[in-house]
Amino acid sequence: MVGSMTVSVNSTPPVDLYANGTVHHAELLPASDDDHGGIIVDMKEPMDPDIFHARLRASLSLWGQQGKKGIWIKLPIAMVNLVETAVKKGFQYHHAEPNYLMLVYWIPDTPSTIPANASHRVCVGAIVLNDKREVLVVQEKSGIFQGKGVWKIPTGVVDEGEEIFMAAVREVKEETAIDTEFLEILAFRQWHKSFFEKSDLVFLCMLRPLSFDIQKQELEIEAAQVIPGSVMWQHLIHDNVLTFNILVSSIIAFLKLVFKVKQGKLMQSICFALSLSHSVIFKIINLEERKSSTPCAQYNQLRSMFWC
């Protein structure tokens, strides 16, 4: 008919369903078994919502009879018109990507064992230390440090499929144009409820600079420079702002430069310091306070801010 729209549907062989002693001839959604006694429905072609509803109902009936458990439906973004139908049949959102939405349904009358969506984002912080024991630091144009004059180490999020050490090298290159060589992971920490109720896993990496001509990234970075590692700890307290990156980089600089910790003992020392939590960290700050006779008036406030 002129002006009509032809809607193609996924081709699936019809089956006979048995209910109340009656045989029903029904077509099902395209599906495959997963590795855990469930079903994956990977929608490829557009489908009319009414047809989708009929096939979904028939499919759930058959899968229930077969003892299937978790049912996954992957809907491309172009099929958003089918979401309401699935939700009304009891499906829930599981996760979303730029080009699809994943819905899930648990058939048995038992507690669901379907794994939750990914709970963490992986981030890196980069300690770039040169032969003069100077540390590469930046000031950001946005975020909680905007306009506060806070110097911090380069940080960023690990891309999908990217190795942690590659992410650290990339972030330094993007923010400062400095080429680096990855040396080791110094420490890591969880940071909860940091990104849309998700947690961060922050890996602190040690890198060695291979180039020395700093060119700050105009989009995100206000300034970039190197500063003596021995003064990094002084940036712990600044306008009531504290981050894991500044805290740990300060510990590292202090261990290396004040206590003369050798490279081979660095990781052991960092792990020991972090394992003893604030009792060690703040004793280090107090020791430097006594040596320099510099007051640390914000000690208690700092402690309550970070160790909550």
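Every value quoted in this text rests on a predicted model; they were computed, and no experiment measured them.

Student: Can you break down unusual backbone geometry residue by residue, with the values?
Tutor: Phi at alanine 177 takes a positive value of approximately 70°, unusual for a residue other than glycine. With respect to the helices and strands, the residue alanine 177 is situated in the loop between helix H3 (164-176) and strand S11 (180-195). The class for alanine 177 is partly exposed, based on a relative accessible area of 22%.

Student: I'd like a rundown of the sheet that holds strand S12 (residues 198-209), residues and numbers included.
Tutor: Taken in spatial order, the four strands line up as S10-S8-S12-S11 in an open sheet, and their pairing is mixed. Sheet topology places strand S10 (155-157) and S11 at the edges, where each strand pairs with a single neighbour. When the angles between neighbouring strand axes are averaged without regard to direction, this sheet yields 25°. Sheet topology note: the strand S8 (residues 120-128)/S10 ladder contains three bridges and is antiparallel. Each bridged residue has a counterpart across the sheet, and for glycine 125 the counterpart in S10 is threonine 155. Here H3 sits on the sheet in contact with S8, S10, S11 and S12, set at roughly 60° to S8.

Student: Any details on the pattern of salt bridges? Residues and values, ideally.
Tutor: Per the counting criterion, the structure on display carries 15 salt bridges. Here glutamate 27 makes a salt bridge to arginine 55, at a shortest N to O gap of 2.5 Å. Of this pair, glutamate 27 sits in the loop between strand S2 (22-26) and strand S3 (32-33) while arginine 55 sits in helix H1 (residues 49-65); the two residues are 28 residues apart in sequence, bridging distant segments of the chain. With a relative accessible area of 37%, glutamate 27 lands in the partly exposed category. For arginine 55, a relative accessible area of 8% corresponds to the buried category.

Cut-offs used in this document
Residues numbered from 1 in each chain as written. Predicted model: local features only at pLDDT ≥ 70, side-chain atom pairs only at ≥ 80, totals over all residues. Heavy atoms only, no water. Helix = DSSP H or I, 4+ residues; strand = E, 2+ residues; numbered from the N terminus. Buried < 20%, exposed > 50% of the residue type's maximum accessible area, 1.4 Å probe, protein only. Pairing = 2+ DSSP bridges. Axes fitted to C-alpha atoms, helices over the stretch in contact; angles between N-to-C directions. Contact = heavy atoms within 4.5 Å. Salt bridge = Lys/Arg side-chain N within 4 Å of Asp/Glu carboxyl O.

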